[in-house]
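Structural overview
The residues making up each chain are set out below.
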There are 2 protein chains.
Amino acid sequence: MNVQKQAAWIGMDLGGTNIKFGLVLANGTIHLQKKLDSEIPFGYKYVFDKIAGYTRELIHAAGSDFVVKGFGIGVPGLIDIKNQMLVEASNFPGWKNVKIGYELEKRLDFKVSVDNDANLAALGEYKFGAGRGVTEMLMVTLGSGVGSGLILNGAIYHGSRSAAGEFGHTIIQKDGPLCACGRRGCVEAFVGKYGIQRRIKELLVDYPRSILREIEPHNITPEDIYNAAVKGDKTALLLFQEVGESLGVGLGNVANLLNLERVVIGGGISNAGELIFKPARETLAQIAFKTNFETITLVPAHLGENAGLVGSACLAMQISEKF
Amino acid sequence: MNVQKQAAWIGMDLGGTNIKFGLVLANGTIHLQKKLDSEIPFGYKYVFDKIAGYTRELIHAAGSDFVVKGFGIGVPGLIDIKNQMLVEASNFPGWKNVKIGYELEKRLDFKVSVDNDANLAALGEYKFGAGRGVTEMLMVTLGSGVGSGLILNGAIYHGSRSAAGEFGHTIIQKDGPLCACGRRGCVEAFVGKYGIQRRIKELLVDYPRSILREIEPHNITPEDIYNAAVKGDKTALLLFQEVGESLGVGLGNVANLLNLERVVIGGGISNAGELIFKPARETLAQIAFKTNFETITLVPAHLGENAGLVGSACLAMQISEKF
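Criteria and thresholds
- Residues numbered from 1 in each chain as written.
- Chains lettered and ligands numbered in written order.
- Predicted model: local features only at pLDDT ≥ 70, side-chain atom pairs only at ≥ 80, totals over all residues.
- Helix = DSSP H or I, 4+ residues; strand = E, 2+ residues; numbered from the N terminus.
- Buried ≥ 20, exposed ≤ 12 C-beta atoms within 10 Å, placed from the backbone.
- Contact = placed C-beta atoms within 7 Å.
- Nonpolar A, V, L, I, M, F, W, Y, C, P; charged D, E, K, R; others polar.
- Pairing = 2+ DSSP bridges.
- Axes fitted to C-alpha atoms, helices over the stretch in contact; angles between N-to-C directions.
- Least-squares fit on C-alpha atoms with pLDDT ≥ 70 in both.
- Domains from an automatic or database assignment.
- Parallel < 35°, antiparallel > 145°, perpendicular 65-115°, else oblique.
- Left-handed = near helix turned anticlockwise from the far one by under 90°.

**Brief notes about the overall build of chain A**
Within chain A, the secondary structure is distributed over ten helices and twelve strands. Considering only C-alpha atoms, chain A reaches an extent of 70 × 45 × 40 Å along its principal axes. For chain A, buried positions account for 54% of its 323 residues.

This is the structure:
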């Protein structure tokens, strides 16, 4: 009996701590998924041998109904797209100028495609998530850092040397608070985890009745602030109002510069949802020109933690379509 | 005798005050050039009839050695590219939803192409000026306002509804000085003509010995400040230092977001040259990430007042290449 095999692509999100990977189907669904420690300090040869082994296991586990058409991988660093090479990554000590495409293709039997993880998360949301139906999109991930990826004219926008997309380190207050990056007044200094922790300490001086005072100031997390906000704590609500406003200024700048259609917001801090989104939209409305505001919508991400994995598979799909 | 005619394109910069137009050759040189009053308040029918007449005169004056292959026109407003229509323009009262392409093609015998004037100035510099040889470029025009146009992947970047390119109204200090647009802390509020005039008044309070004190504060122009700076006036030098630094913050943001290769700076205020460019580059070096800074160069415009005219002809060239 001649059964038609279903096309599938491997998507892999290679982080500093974990490797998330899976078999993704043409409609964007993840058929099988696995998580491993990434063990970056052991060096790339060790990591790629391990990846090759687990990839074969994954394909085996999927069974004979699938034919793997390609392998996409996202890495949190500067990628030389032409050479499919990781130039450097701050969380990958010792990994300099690693030809990821070449190294993985040596170990596996299919075409491997590499890009920056934030770009691929944007691509995932664009193809199968909250960015469907538009061609001009910014994906912002609010976490410890503020990551971002740009889709322009329906494709990842890399810039001249694949270093585009640093929305988190665009400056909205040139004499503003210090950012983890050393600059002053970056978007991240207002809406990233550390910026939030800095600001809540300041606010608690003025608002001694906040229930957040029960927590040691250095240990207050965005989740704590969210929980307090849900209980109606005014300080927590004010914090998210400010975070949303600052995000809105940064997004207003991008809206005016690029006339985008959609901003997709993900990452842990985005779980505060409308507490952030509402003031962000209101500020965006004030800052963006009329047409630029009318064009843009600000929505939560759909794919959650899997955006990078699905996006990596999307990259592999795009490449395999060319052959 | 069968003489090969030379291809030429009409480029036109339709401003609120003047119409600049000319016959542009394939190498970007302007063969013939003319300037008229634009007389916008007389309405678009009057203006287009006039344009058609003067265009025929121009072609006649050029003689029979040229064959006109197309007509490009730039307008300082929001353009609906698909319909080649001017949606609105703040300096063109009464001109709403004017189908410029259609109206001019009715009156002339060649294909007409329309775009925003700042986009076309960028295209002109990109093809035949200071942007040659790169594919990712921002053109900034420093004047009363701060205009800009983006070239990404070697083409004008329009964004979703052709409203991209408002670099002048990206915010670098969210609680900063009021901009003419009503926002606070826009790049234009620091580096545009009115921002400069506001700031020099402030500085003169602290620097009573400046030679600029001889001029009535409201009448001080950027040219006056430049002339004082050339004479070594410390207040004037400080002003340009600040202007350059603010410009550098704005450009650092764009460098980090888009990883551009070149920024081309034109407009009257850019005549201050290195007085602005040097602090701008120094600030850019501090703000842009290493790769983003290494990629980018900041240079003066080459085409001066003719960038829009040449760029309009470039647009016509691109369109005629398609047919």
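Here the narrative resumes.
**Side note on the interface of chain A and chain B**
At the junction of the two partners, chain A supplies 35 residues and chain B supplies 35 residues. Of all the secondary structure elements, the ones that give two or more residues to the side of chain A that touches chain B are helix 7 (234-258) and helix 9 (290-295) of chain A. The element contributing the most residues to the side of chain A that touches chain B is helix 7 of chain A, with seven residues. Looking at the side of chain A that touches chain B residue by residue, the class counts come to 15 nonpolar, 13 polar and seven charged.

**A word on the sheet that holds strand 11 (residues 262-266) of chain B**
Residues and elements named next belong to chain B. If you walk across this open sheet you meet the five strands as 10-9-8-11-12, and the pairing is mixed. Two strands in the sheet have a free side with no partner beyond their single neighbour: strand 10 (155-156) and strand 12 (297-300). Pairing analysis gives five bridges linking strand 8 (residues 137-142) to strand 11, with the strands arranged parallel. In the strand pairing of strand 11, threonine 141 is matched with glycine 266. Strands strand 8, strand 9 (146-152), strand 10 and strand 11 of the sheet are contacted by helix 3 (residues 117-128), whose axis makes an angle of about 55° with strand 9.

**Side note on the environment of A:His302**
The topology assignment puts A:His302 in the loop between strand 12 (297-300) and helix 10 (307-322). With residues near it in sequence (within four places) discarded, A:His302 still touches A:Glu125, A:Gly129 and A:Ala130.

**A closer look at the pairing of strand 8 of chain B**
Residue and element names in this part refer to chain B. Burial runs high along strand 8: six of the six residues are buried. Where burial is concerned, the two faces of strand 8 agree: the one with Met137, Met139 and Thr141 and the one with Leu138, Val140 and Leu142 are both buried. The pairing of strand 8 with strand 9 spans six bridges and is antiparallel. In the strand pairing of strand 9, threonine 141 is matched with glycine 147.

**Observations regarding the relation of the copies chain A and chain B**
After a rotation of 180° and a shift along the axis of 0.0 Å, chain A superposes on chain B with an RMSD of 0.0 Å. Expressed as a symmetry operation, the mapping of one chain copy onto the other fits a two-fold axis. Using C-alpha coordinates, one finds that chain A approaches the rotation axis most closely at A:Gln173, a distance of 1.9 Å. An overlap of 100% is found between the interface residues of chain A and their copies at the interface of chain B, pointing to a shared contact surface.

**Some remarks on the domain arrangement of chain A**
All names here are of chain A. For chain A, the assigned domains read domain 1 (6-116 + 306-322) and domain 2 (130-301). Each of domain 1 and domain 2 was reduced to a C-alpha centroid, and the two centroids are 29 Å apart. For the side of domain 1 that touches domain 2, the elements supplying multiple residues, two or more each, are strand 5 (78-80) and strand 7 (112-116). At three residues, the largest contribution of residues to the side of domain 1 that touches domain 2 is made by strand 5.

**Regarding the environment of B:Gly143**
Residue and element names in this part refer to chain B. Along the polypeptide, glycine 143 turns up in the loop between strand 8 and strand 9. Glycine 143 sits 50 residues away from lysine 193 along the chain, and the two C-alpha atoms are 5.9 Å apart. When sequence neighbours within four positions are dropped, the list of residues in contact with glycine 143 reads Lys193, Gly267, Gly268 and Ile269.

**Things to note about the packing of helix 5 (residues 193-206) of chain A against helix 7 of chain A**
All names here are of chain A. Running from amino to carboxyl end, helix 5 crosses helix 7 at an angle of 135°, the nearest separation of the two axes being 10 Å. Judged by the inter-axis angle, helix 5 sits oblique to helix 7. The two elements helix 5 and helix 7 cross, and the hand of that crossing is right-handed. Residues Ile196, Arg199, Ile200, Leu203 and Leu204 of helix 5 form the contact with helix 7, whose own contacting residues are Thr235, Leu238, Leu239, Glu242 and Val243.

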